[in-house]
Amino acid sequence: MEKLEKEFIKSGGTWKKFYLSKFFQIERGSRLTIRHRVKGNIPLVTAGYENMGLAEYIGNKNQQIFKKNVITIDMFANTFYRGYRFCADDNILVLTPKMQFTQKIGLFISSLISTSLKNQFSYGMQYRQKHFHKTELLFPILN
């Protein structure tokens, strides 16, 4: 057991399972094909690990712009914290926290999600809204 984990347990901390839906509201991006994209300055997040899923910058007026300080999960379960406003395509789930959280907490939770979902999803078995409502994670809590 690592030193930090030992200290956490020694101070009365433990790990408890929670559904993601307890902490986050979920929205989904909307369909936007390559040929319908208009060049602009709003980041467009799509499915993929490279460049954290950032495909290009668009100026489409009809695309929803998501606020910053959220977490995204794509169809392959690639999970990233977003500290900036962006648009997302329909393969992206946007998790908006139900509580106030900092960038550090967002990065921590996104790494928990990523680690938990790693190697479970692929093109043949995509992560979708139905999976979000069933996703449980271990979170550290103080007793």
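All of the points below concern the structure found in this document. (Residues numbered from 1 in each chain as written. Predicted model: local features only at pLDDT ≥ 70, side-chain atom pairs only at ≥ 80, totals over all residues. Heavy atoms only, no water.)

Turning our attention to the sheet that holds strand β8 (residues 92–97). One open sheet holds the 4 strands; their spatial order is β2-β8-β5-β6, and the pairing between them is antiparallel. Each edge of the open sheet is held by one strand with a lone partner, namely β2 (24–28) and β6 (79–82). Averaged over all neighbouring strand pairs, the angle between strand axes comes to 25°, with direction disregarded. Bridge count for strand β5 (residues 70–74) against β8 is 4 bridges, and the pairing is antiparallel. Considered in β8, the bridge of Thr72 is made with Val94. Helix α2 (residues 103–117) rests against β2, β5, β6 and β8 of the sheet, and its axis sits at about 170° to β6. (Pairing = 2+ DSSP bridges. Helix = DSSP H or I, 4+ residues; strand = E, 2+ residues; numbered from the N terminus. Axes fitted to C-alpha atoms, helices over the stretch in contact; angles between N-to-C directions. Contact = heavy atoms within 4.5 Å.)

Take the packing of aromatic side chains next. In this structure the tally under the stated criterion is 9 aromatic pairs. Taking the centre distance of 6.0 Å and the plane angle of 65° together, the rings of Phe18 and Phe139 count as edge-to-face. Placement of Phe18 in strand β1 (residues 13–19) and of Phe139 in strand β9 (residues 136–142) is noted, with a sequence separation of 121 residues between them. Lying over the aromatic face of Phe86, Arg82 brings its terminal NZ or CZ to 5.9 Å of the ring centre. (Phe/Tyr/Trp six-rings, centres within 6.5 Å; stacked < 30°, edge-to-face > 60°. Lys NZ or Arg CZ within 6 Å of the ring centre and 35° of its normal.)

Further remarks concern the pairing of β5. Here β5 lies mainly inside the structure; 5 of its 5 residues are buried. Looking at chain direction, β5 and β6 are connected through 4 bridges and run antiparallel. Residue pairing across strands places Thr72 opposite Phe80, the latter belonging to β6. (Buried < 20%, exposed > 50% of the residue type's maximum accessible area, 1.4 Å probe, protein only.)

This next bit is on α2. Compared with an ideal rise of 1.5 Å per residue, which puts 15 residues at 21 Å, α2 spans 21 Å between its outermost C-alpha atoms and is within 8% of the ideal. Of the residues making up α2, those classed as buried are Gly106, Ile109, Ser110, Leu112, Ile113 and Leu117. Projected down its long axis, α2 carries its buried residues within an arc of 155°, all on one side. Residues of α2 that are exposed and point over 90 degrees away from its buried face: Lys104 and Thr115. Following α2 by one or two positions, Asn119 has its phi on the positive side, about 65°. (Expected span 1.5 Å × (residues − 1). Arc of directions from axis to C-beta.)

Now for the sheet that holds strand β3 (residues 39–45). Strand order in the open sheet made by the 3 strands is β4-β3-β7, with mixed pairing throughout. With partners counted over all chains shown, the strands left at the sheet margins are β4 (54–58) and β7 (87–88), one partner each. Pairing of β3 with β4, which is carried by 5 bridges, proceeds in the antiparallel orientation. Residue Val45 lies in a different strand from β4, and its bridge partner there is Leu54.

This part is about a nonpolar patch on the surface. There is a patch of nonpolar side chains on the surface, built from Trp15, Phe108 and Leu138 and spanning about 280 Å² of accessible area. Topologically, Leu138 is positioned in strand β9. (Patch = residues over 30% accessible without salt bridge, like charges linked within 9 Å, V, L, I, M, F, W, Y side chains within 5 Å. Areas by Shrake-Rupley, 256 points an atom, 1.4 Å probe, with all protein chains shown as cover. Salt bridge = Lys/Arg side-chain N within 4 Å of Asp/Glu carboxyl O.)

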